[in-house]
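Descriptive analysis of the structure
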Amino acid sequence: MKDGFIAIASGVPKLRLGDCRANAEHTFALMRAADKAGARILVLPELGLTGATCGDLFWQDLLCRGAEEALATVLEATRHLELLAAVGLPLAFRGRLYDCAAVIQGGKILGLVPAERPVWRQFTPAPAGREDVSLLGQTVPMGPEVLFACETVPSLTAGFAVGPMGAGDALEGAAFVGRLSAEAEAVGRPAVRRQLCAARSAGIPCAYAYAGAGEGESVADGVYGAHQMIFEDGRLLAERRLDGGLLLSEMDGERLSVARRRRGYGIGDGVPFSLPVRRTKLTRYVSPSPFVPEDTGELAERCREILDITSLALKRRLEHTGSKAAVIGLSGGLDSTLAALTAVRAMDLLGRPRTDIIGVTMPGFGTTGGTRDNAARLAECLGVTLRTVDITGAVLGHFRDIGHDPGDHNVAYENAQARERTQILMDIANDAGGLVIGTGDLSELALGWCTYNGDHMSMYAVNASIPKTLMRHLVLCASEGDGALWAVLRDILDTPISPELLPAVQGNIQQRTEDLVGPYELHDFFLYYLVRWGFSPGKILRLGEKAFRDRYSREALLKWMGVFCRRFFSQQFKRDCVPDGPRVGSVSLSPRGDWAMPSDASAALWLAELEALEGV
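Let me begin by describing the structure that accompanies this report. Predicted model only: the values in this text are computed from it and were never measured.

1. Digging into the pairing of strand β6 (residues 131–135)
The side chains of a regular strand alternate between the sheet's two faces. Two strands pair when backbone bridges link them, and β6 and strand β7 (residues 138–142) are joined in this way by 5 bridges, in the antiparallel orientation. Residue serine 134 lies in a different strand from β7, and its bridge partner there is threonine 139. Between β6 and β7, which pair antiparallel in sequence order, lie 2 residues; one of them, leucine 136, sits at a positive phi of approximately 55°.

Encoded structure:
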C-alpha cells in the first residue's frame, strides 16, 4: 500500500447450486489465491455460498443452515488471511430472510450488509438503520450502510452493496465500494452495467469492484456470465466475462482522497479492520500521456471540444471588445499555428472575413528559411492577412542603446528579440484596432519557458491551458481534411520546437527547446500528477517508471523531474500576471481561481525528496 496503491479483486468461484460445502471449498480456495496474489480486498458474487437461483429452496431451513455452516468453514479456513472479503449468503433473522453480504477477515465476521431492494421474492428488503445480529457465536452489526474503516490506512473506508446496479451503492463515505450481484445476461446488459459502474465510481468518487454470478446457476430462464469489473473514479481498470476466477487491479487511495476532498466527500466511520502496509505490485496501466486519450474516437472528440471552447471564447472576446482584427505572431511553429487555426474558426463563427486576422512573421537572428516559409504558406492556406517585419535592425539598434555586444548570446540577446516581437504585435494591434492573440501553452507556463513581458504577454491567450503533448493532435484535427493545409501542417509538426533566438547553423535550427529543458512528454506527465493530483516526487517517479519503462531510465526521470520542480517553483511570478485565456481541462495555471501559489514558495521539500530518491 506504499504510495496509496491497494490491490483489490473481484472473484467468481466455481458453484454447485445448493451444495454449500462444495461452494465453501471453492470460495476459500479463491480467497487464498487472492491473498497470495497480493489482494487486500475481495468481492464475491451475491448468494455465492448457496447459488442465487435456488428459488423456493431458500424457504428451507436446511439450506439456510447449510449456508451458515459453509460460512463457518470459510472463516476457519481463512483465519490466517489478511484479506478483507465480502461473501454472499441468505440469512434468517427475526422471522425474515435477508440476501446478505458477510464481510469477513481473519476468521471473524466484521458485519453484514443486506440487499436494500432484493430481486428474489423470497427475501425481505433491508431493515432501516442498523441491527445487531448473533451469527456463529459473534454479535455483529447489520445494515445497508454499515461501513468498514481501515485503521492502518486512514483514507480507506470500504462499503458493500448487494443486488442489481442502482440499489444501495450511494455509499458516500466509502472510498471503496464492492457490489455482490447475480444478474442474468441479456443483449446490451453488459454495456449498461459498465456504464452504471463507471457512473457510480465517478459520482462518489471511489474504487468500485463488481462481481456477478457465473456458471453453476440455473439456466432455466437465464444465463449468468460471471461479469467482473473494477473501476476507479469512472475509469475502467480491469474487466472479464464468462470464465470467472480472479480479476485483480490496484486502486489509488491517494488519488481518490484528493478527488474526494476536492468534491466535498469525506471518509465515513465504520467497523474497524487492519491491513498490513506493504509495497503493492503495480499491474494497472499508467498512460505516458495523461492529457491525451489513447482511444482514437475519444481523442477526436476531445480535440473537437477543445477547439470549440477556444474558438467560442475568442469569438466572445472579439465581440465584447469590438475588435476589428486579431493579430498573431506567426513563427511557423506549433503554438502559433494552433492559435491561427483557432482565430480562423472564431472569425468564421462571427461571419467575418479571415483577412481580419493579421498574421505577422518577424524574422530575426535565428529564423530559418523553413519556418519562415511555413508561416507564409500557412497564412496563404488560411486566407489571412500576412505582414513581414524583420526585427534584426531594430534589435541591433536596441543593443547599441543599452551597450550590449551582439556577439554575446546571453539571455539579454535572446529576450531582446522576444520583447521586440511583442512590441511590434502590440503596436500593429493598436494601429488596426485589434487584439494580440497569445500563442503560449500550458507546458511553457509550467516551466516559465517564456520571456517576461515578451511572448509571456498578449491580450487574450487562447492556448494557455493546452499542454504541449495535446497540441499536435489539435492542429491535425483543425485541418479538417484540407489537402494543401494538411501538407503545411505536416511540415510544421515535423519542425523541432524552438524559440529561434540563437543564430542558425548552416540554415538549421540551433536552439532546440527539449535539449535545454527536457522532453515535453515528461514535463506534461510531471505537471499532471503534481498539479492535478498533488502527488509527491516519489510517487510520480514510480508512475513514471511504469509509464516510460522502455523509453527513459530512472536517472533520466529524476534528472528531468528536478528540472521541472526547480522551474515550476521559481517561475510562479510569471504565472501570477498572465493574460486571460479559456480553461479547457482539469489542469490550468491561471491565477484567477485555478492555481494559487505564492511566487516565493520554496521547492526545498520536493527537491530533498528527489535527492533522497537518487540514492535508492
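2. Considering the packing of helix α15 (residues 537–547) against helix α16 (residues 554–570)
Direction vectors running N to C along α15 and α16 enclose 135°, while the axes themselves pass 10 Å from each other. In terms of their interaxial angle, α15 and α16 are classed as oblique. Taken as a pair, α15 and α16 cross one another with a handedness that is right-handed. In contact with Pro537, Ile540, Leu541, Gly544 and Glu545 of α15, α16 contributes Arg554, Leu557, Leu558 and Met561. The residue inventory of the contact of α15 with α16, partitioned by class, reads 6 nonpolar, 1 polar and 2 charged.

3. Thoughts on the pairing of strand β19 (residues 435–438)
A two-sided burial pattern is seen for β19, the buried positions comprising Leu435 and Ile437 on one face and Val436 and Gly438 on the other. For strand β16 (residues 326–329) and β19, the ladder comprises 2 bridges, and the chain directions are parallel. Residue pairing in the sheet places alanine 326 in a bridge with leucine 435 of β19.

4. Description of the sheet that holds strand β20 (residues 460–461)
One open sheet accounts for 5 strands, arranged β18-β17-β16-β19-β20; its pairing is parallel. Because the sheet does not close on itself, it has two edges, and the strands there are β18 (385–388) and β20. Bridge analysis of β16 against strand β17 (residues 357–361) gives 4 bridges, and the strand direction is parallel. Paired with glycine 329 across the strands is valine 360, a residue of β17.

5. A closer look at unusual backbone geometry
In this structure, proline 205 follows isoleucine 204 across a cis peptide bond, with omega equal to -10°. Structurally, proline 205 can be placed in the loop between α3 (189–203) and β11 (207–212). In this structure, leucine 47 is a non-glycine residue whose phi angle is positive, near 55°. Secondary-structure assignment places leucine 47 in the loop between β2 (41–43) and α2 (61–77). Phi at asparagine 453 is positive, roughly 60°, even though this residue is not glycine. In this structure, asparagine 453 sits in the loop between α10 (442–447) and β20.

6. Details of the pattern of salt bridges
Inspection of every chain in the model, using the stated rule, returns 32 salt bridges. In this structure, the salt-bridge partner of lysine 468 is aspartate 441, at a minimum N-O distance of 2.8 Å. Remark: aspartate 441 occurs in the loop between β19 and α10 and lysine 468 occurs in helix α11 (residues 468–478); sequence separation between them is 27 residues. Linked through salt bridges whose partners overlap, the residues forming this network are Glu183, Glu185, Arg189, Arg193 and Arg241.

7. A closer look at empty space enclosed by the protein
Unoccupied space between atoms shows up once a probe the size of one water molecule is rolled over them. Within the structure shown, the criterion is met by 8 cavities of 30 Å³ or more. Taken as a whole, the largest cavity holds about 150 Å³ of empty space. What lines the largest cavity is a set of 15 residues, and nearest its centre among them are Gly440, Leu445, Asp455, His456 and Ala461. Classifying every residue of the lining of the largest cavity gives 7 nonpolar, 5 polar and 3 charged.

8. Concerning the layout of surface pockets
Considering only enclosed or pocket space, the second largest pocket measures out at about 840 Å³ in volume. Taken together, 32 residues line the second largest pocket, and the ones lying closest to its centre are Pro290, Phe291, Glu298, Arg302 and Tyr528. Listed by contribution, the elements that provide at least two residues to the lining of the second largest pocket are α5 (296–321) and α14 (520–532). If one sorts the elements of the lining of the second largest pocket by residue count, α5 sits on top with 6 residues. A class-by-class count of the residues in the lining of the second largest pocket yields 15 nonpolar, 6 polar and 11 charged.

9. Things to note about the sheet that holds strand β13 (residues 235–240)
In spatial order, the strands read β13-β12-β11-β10-β9-β8-β15; together these 7 strands make up an open sheet with mixed pairing. Both outer strands of the open sheet, β13 and β15 (271–273), are each paired with one neighbouring strand and no more. Taking the axes of each pair of neighbouring strands and ignoring which way they run, one obtains an average angle of 20° across the sheet. As paired strands, strand β9 (residues 157–162) and strand β10 (residues 176–181) are joined by 5 bridges and run parallel to one another. Bridging from a neighbouring strand, phenylalanine 160 pairs with glycine 178 of β10.

10. Regarding the side chain of arginine 284
On the secondary structure map, arginine 284 appears in the loop between β15 and α5. With a relative accessible area of 6%, arginine 284 lands in the buried category. Side-chain polar atoms of arginine 284 contact the backbone oxygen of glutamate 250, separated by 2.7 Å. When sequence neighbours within four positions are dropped, the list of residues in contact with arginine 284 reads Phe5, Glu232, Arg235, Leu237, Ser249, Glu250, Met251, Asp252 and Lys546.

11. Observations regarding the packing of aromatic side chains
Scanning the entire structure with this criterion turns up 19 aromatic pairs. Measuring from centroid to centroid gives 6.5 Å for phenylalanine 525 and phenylalanine 526, while their planes differ by 75°, and the two rings are edge-to-face. As far as the burial class goes, phenylalanine 525 and phenylalanine 526 line up, both buried. A cation sits over an aromatic face here: lysine 539 above phenylalanine 5, 4.6 Å from the ring centre. Above the face of the phenylalanine 535 ring, lysine 539 is positioned so that its terminal group lies 4.1 Å from the ring centre.

12. A short note on the nonpolar core
Phe525, Leu527, Tyr529, Phe568 and Leu589 are the most contacted members of the largest nonpolar core, which has 45 residues in total. Mapped onto this core, the elements with two or more residues apiece are α4 (253–263), α10, α14, α15, α16 and α18 (604–614). In terms of residue count, α14 provides more of this core than any other element does, 9 residues in total. In terms of nonpolar packing, the next biggest core, distinct from the first, is built from 44 residues, Leu30, Met31, Val74 and Leu89 among them.

What counts, and where the lines are drawn
- Residues numbered from 1 in each chain as written.
- Predicted model: local features only at pLDDT ≥ 70, side-chain atom pairs only at ≥ 80, totals over all residues.
- Heavy atoms only, no water.
- Pairing = 2+ DSSP bridges.
- Helix = DSSP H or I, 4+ residues; strand = E, 2+ residues; numbered from the N terminus.
- Axes fitted to C-alpha atoms, helices over the stretch in contact; angles between N-to-C directions.
- Parallel < 35°, antiparallel > 145°, perpendicular 65-115°, else oblique.
- Left-handed = near helix turned anticlockwise from the far one by under 90°.
- Contact = heavy atoms within 4.5 Å.
- Nonpolar A, V, L, I, M, F, W, Y, C, P; charged D, E, K, R; others polar.
- Buried < 20%, exposed > 50% of the residue type's maximum accessible area, 1.4 Å probe, protein only.
- Salt bridge = Lys/Arg side-chain N within 4 Å of Asp/Glu carboxyl O.
- 1 Å grid on protein atoms, 1.4 Å probe; cavity = no way out; pocket = protein on both sides within 12 Å on 5 of 7 lines; lining within 4 Å.
- Points joined across faces, edges and corners; volume = space filled by probe spheres on them.
- Polar contact = N/O pair within 3.5 Å; in protein donor to acceptor, adjacent residues only side chain to side chain.
- Phe/Tyr/Trp six-rings, centres within 6.5 Å; stacked < 30°, edge-to-face > 60°.
- Lys NZ or Arg CZ within 6 Å of the ring centre and 35° of its normal.
- Core = buried A, V, L, I, M, F, W, Y, C linked by side-chain atoms within 4.5 Å.

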